[in-house]
Amino acid sequence: MCSVSGVLILNPKNFDKVERKLADILKRAEDRGRDSFGIVVIQKDGTVKVRKSIGEPSEKEELLYGILDEDSRVVIANNRAEPTTEYVRQKTEEDIQPFIGDRYIVTHNGIIANDLELEKKYELKRKTKIDSAILPSLLDKTWDGNLGTLKGILEQIRGSFALVIGDKRNPDRIFLAQNFKPLYMAYDYWLESIFFTSLDEYFDVKPFDPVNVTKLEPYSVVMVSSNKQITTLPIIEKRKKHKVLVVASGGLDSTVAATKLLREGHEVTLIHFNYHHKAEEREREAVRKIAEYLQVPLIEINTDLFKMIGHATLIKGGGEIVKDRKGEEGAEFAHEWVPARNLIFFSAALAIAEAYGYDAIASGINLEEAGAYPDNEMEFIRMLSKLSPYATGPNKKVEVLMPVGNLVKHEIVKLGYEIGAPLHLTWSCYEGGQKHCGKCGPCYMRRVAFKINGLRDPVEYAEE
């Protein structure tokens, strides 16, 4: 395990300042690697300069300086934390990353589980047992230096990787590749250089610093050129039509979301959670009818988890639902908050999606309820989507979709009416009576949403 770093120097006159910033990055990156560190510099003529040492950069700062000059173009660096399976008792410079091949220089964070197989298949040579050492010779033997062909080579690796790669023949560019191991890029406008490392906090960017930080997409290969051109290719291709697992409550929002996905040609399955909430029986009845109407499969999960968590009025025996004559109060504040409910639902859905081959999960999260409930905010889905590659197994990327995430309630009703969603089968009320109570927050929003659209709400209310 390591932190990998690199620099593409656009203005060589700033080499001394670039060197100081890189030294700071390597010292901050010690929390991901304390056993050894290395720096390899590619000069404009393709020659290299090397500094490697056992121990931490902060203990041997003198090695971090005096290596760059005006002819330096690309820097590849590494902080190594030696895994148990790769332990070397008596380390030499040959055991320290970055590793140098005839053409390519590579720093690697991760584990290559099939290094011996690749070594045998391609008759590779390495001077250390460390798995990462096969990479330069593998690239030397199989790669032509074009980004498009790099993807196919990396598909042969079984394990994990974040790579920063330098090419001696082309010191005007740097290559990056990752599956679920993280990589960040920072363009420093003052230094006119592009830095790369494993965690954004290593850049130590302060407010108003002229630095742009970007997280590189998991499962991608990237080429960055000195003319500031960035080319990115996915390692896992996105499907135009998804196999989607929709977290469905039986209410308006998730029903319209599922119908929208169906109309767009996606393959949809509903997943519903029975968690001892007050409207459990009515929601179960609704979601079963909705699944039958849409002719899609339904997965039901029964859980006692929220009964054990408690502290929620939405759970049976948890207290009174907030109601007023109009229901507006219950619509504007999260009185019925259930601790971490959507996070738990989405985590379970993500696991089931991975296990059964779904490539996306979705829900009815929307702008309207984001006003009161944090886990209905679009940012929740955006952050969950970024988390997904680190919560699923290698090469099993599951997207997180929000089909109605940018809509408010009356827009959802309008969309549902236009696409033929079974609005008449939905259950929105927090209570579990024979009819919608008409006084809780969801009842209020539903009634007003239909009224705004000039439509008759097809469900019945206890108090009309």
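Residues numbered from 1 in each chain as written. Predicted model: local features only at pLDDT ≥ 70, side-chain atom pairs only at ≥ 80, totals over all residues. Heavy atoms only, no water.

(A) Summary view of the packing of aromatic side chains. Taken as a whole, this structure holds nine aromatic pairs when the rule is applied. Here F273 and F345 contribute two aromatic rings whose centre-to-centre distance is 4.2 Å and whose plane-to-plane angle is 5°, an arrangement assigned as stacked. Taken together, the positions of F273 in strand β15 (residues 267-274) and F345 in helix α9 (residues 341-356) put the pair 72 residues apart, joining distant regions of the chain. Ring geometry for W337 versus Y373: centroids 6.3 Å apart, planes at 25°, classification stacked. Residue W337 is located in the loop between α8 (328-332) and α9, and its partner Y373 is located in the loop between α10 (367-370) and α11 (378-391); the two are separated by 36 residues in the primary sequence. Overall, Y373 belongs to the buried group, its relative accessible area being 8%. Feature note: the residues F273, Y275, F306 and F345 constitute an aromatic cluster, connected by ring pairs. When the ring centre of F195 is taken as reference, the NZ or CZ atom of K21 above it lies at 4.9 Å. It is K215 that lies over the ring of Y184; its NZ or CZ is 5.7 Å from the centre. (Phe/Tyr/Trp six-rings, centres within 6.5 Å; stacked < 30°, edge-to-face > 60°. Helix = DSSP H or I, 4+ residues; strand = E, 2+ residues; numbered from the N terminus. Buried < 20%, exposed > 50% of the residue type's maximum accessible area, 1.4 Å probe, protein only. Lys NZ or Arg CZ within 6 Å of the ring centre and 35° of its normal.)

(B) Representation of the UniProt feature "binding site: Zn(2+)" (unreviewed entry) in the protein chain within the structure. Taking the numbering used here, the UniProt-annotated feature "binding site: Zn(2+)" (unreviewed entry) corresponds to C429, C437, C440 and C443. Owing to a relative accessible area of 0%, C440 belongs among the buried residues under this scheme. Here C443 lies in helix α13 (residues 441-452). Setting aside chain neighbours within four positions, we find C443 in contact with C429, H436, C437, G438 and Y461. (UniProt positions renumbered as here; feature names shortened; annotations may be inferred. Contact = heavy atoms within 4.5 Å.)

(C) Main features of the sheet that holds β15. Taken together, five strands build an open sheet; the order of strands is β16-β15-β14-β17-β18 and the sheet is parallel. Both outer strands of the open sheet, β16 (298-302) and β18 (399-401), are each paired with one neighbouring strand and no more. Sheet twist, expressed as the average angle between the axes of neighbouring strands with direction ignored, equals 25°. Pairing between strand β17 (residues 360-362) and β18: three bridges, direction parallel. (Pairing = 2+ DSSP bridges. Axes fitted to C-alpha atoms, helices over the stretch in contact; angles between N-to-C directions.)

(D) Region of the structure containing the UniProt feature "binding site: ATP" (unreviewed entry) in the protein chain. Look at the UniProt record and you will see "binding site: ATP" (unreviewed entry) annotated at A248, S249, G250, G251, L252, D253, S254, T255, V256, A257 and A258. Along the chain, A248 turns up in the loop between β14 (243-247) and α5 (252-263). For A248, a relative accessible area of 6% gives the class buried. In this structure, A248 is in contact with S254, L270, I271, H272 and V287, ignoring residues within four places of it in sequence. One can find G250 in the loop between β14 and α5.

(E) Focus on the packing of α9 against α11. Contact pair α9 / α11: the axes reach a minimum separation of 12 Å and the direction vectors enclose 40°. As the angle between them shows, α9 and α11 are arranged oblique. As α9 runs across α11, the sense of the crossing is right-handed. Here N342, L343, F346, L350 and E354 of α9 come into contact with α11, specifically with F380, I381, L384, S388 and A391. Residue composition of the contact of α9 with α11, grouped by class: seven nonpolar, two polar and one charged. (Parallel < 35°, antiparallel > 145°, perpendicular 65-115°, else oblique. Left-handed = near helix turned anticlockwise from the far one by under 90°. Nonpolar A, V, L, I, M, F, W, Y, C, P; charged D, E, K, R; others polar.)

(F) View of the environment of L154. Relative to the elements of secondary structure, L154 occurs in helix α4 (residues 147-154). Taking the C-alpha atoms as reference points, L154 and Q178, separated by 24 residues in sequence, lie 9.2 Å from one another. Here L154 is in contact with F161, L163, A177 and V221, once residues within four sequence places are set aside.

(G) Local environment of the nonpolar core. Membership of the largest hydrophobic core comes to 37 residues, with the highest contact counts inside it found for L245, Y275, F345, F346, I361 and C440. Among the elements of the structure, β14, β15, α9 and α11 are those that each provide at least two residues to this core. No other element matches the six residues that α9 contributes to this core. Apart from residues lying up to four places away in sequence, F346 is in contact with I361, S363, I365, I381, L384 and V400. One finds Y104, I112, I153 and I157 within the second-largest nonpolar core, a separate group that totals 25 residues. (Core = buried A, V, L, I, M, F, W, Y, C linked by side-chain atoms within 4.5 Å.)

(H) Molecular detail of the side chain of E280. Along the polypeptide, E280 turns up in helix α6 (residues 280-294). Note on E280: relative accessible area 6%, which makes it buried. Aside from chain neighbours lying at most four places away, what touches E280 is N274, Y275 and K316.

(I) View of α4. Among the residues of α4, those classed as buried are L147, L150, K151, I153 and L154. Along the axis of α4, the buried residues cluster in a sector spanning 165°; they form a single face. Residues of α4 that are buried make contact with α3 (134-142), β7 (162-167), β8 (173-178), β12 (220-225) and β13 (230-234). (Arc of directions from axis to C-beta.)

(J) Fine view of the sheet that holds strand β2 (residues 36-43). Ordered by their spatial adjacency, seven strands build an open sheet running β3-β2-β4-β1-β10-β9-β11, and the pairing between neighbours is antiparallel. Each edge of the sheet is formed by a strand with only one pairing partner; in this case those strands are β3 (48-54) and β11 (211-215). The average angle at which neighbouring strand axes cross in this sheet is 10°, direction not considered. As defined by bridge partners, strand β1 (residues 2-9) adjoins strand β10 (residues 193-197) across four bridges and the pair is classed as antiparallel. Residue pairing in the sheet places L8 in a bridge with I194 of β10. Relative to the sheet, helix α1 (residues 15-28) contacts β1, β2, β4 (72-80), β9 (184-188), β10 and β11, its axis offset from that of β10 by approximately 10°.

(K) Molecular detail of the pattern of salt bridges. All chains considered together, the criterion is met by 26 salt bridges. Members of the salt-bridge network, linked through shared partners, are E280, E281, R284, R288, E300 and K316. (Salt bridge = Lys/Arg side-chain N within 4 Å of Asp/Glu carboxyl O.)

(L) Region of interest: helix α2 (residues 115-122). For α2, the complete set of buried residues consists of D115, L118 and Y122. Along the axis of α2, the buried residues cluster in a sector spanning 65°; they form a single face. Away from its buried face, by an angle of more than 90 degrees, α2 presents the exposed residues L116, K120 and K121. Where α2 is buried, its residues contact α3.

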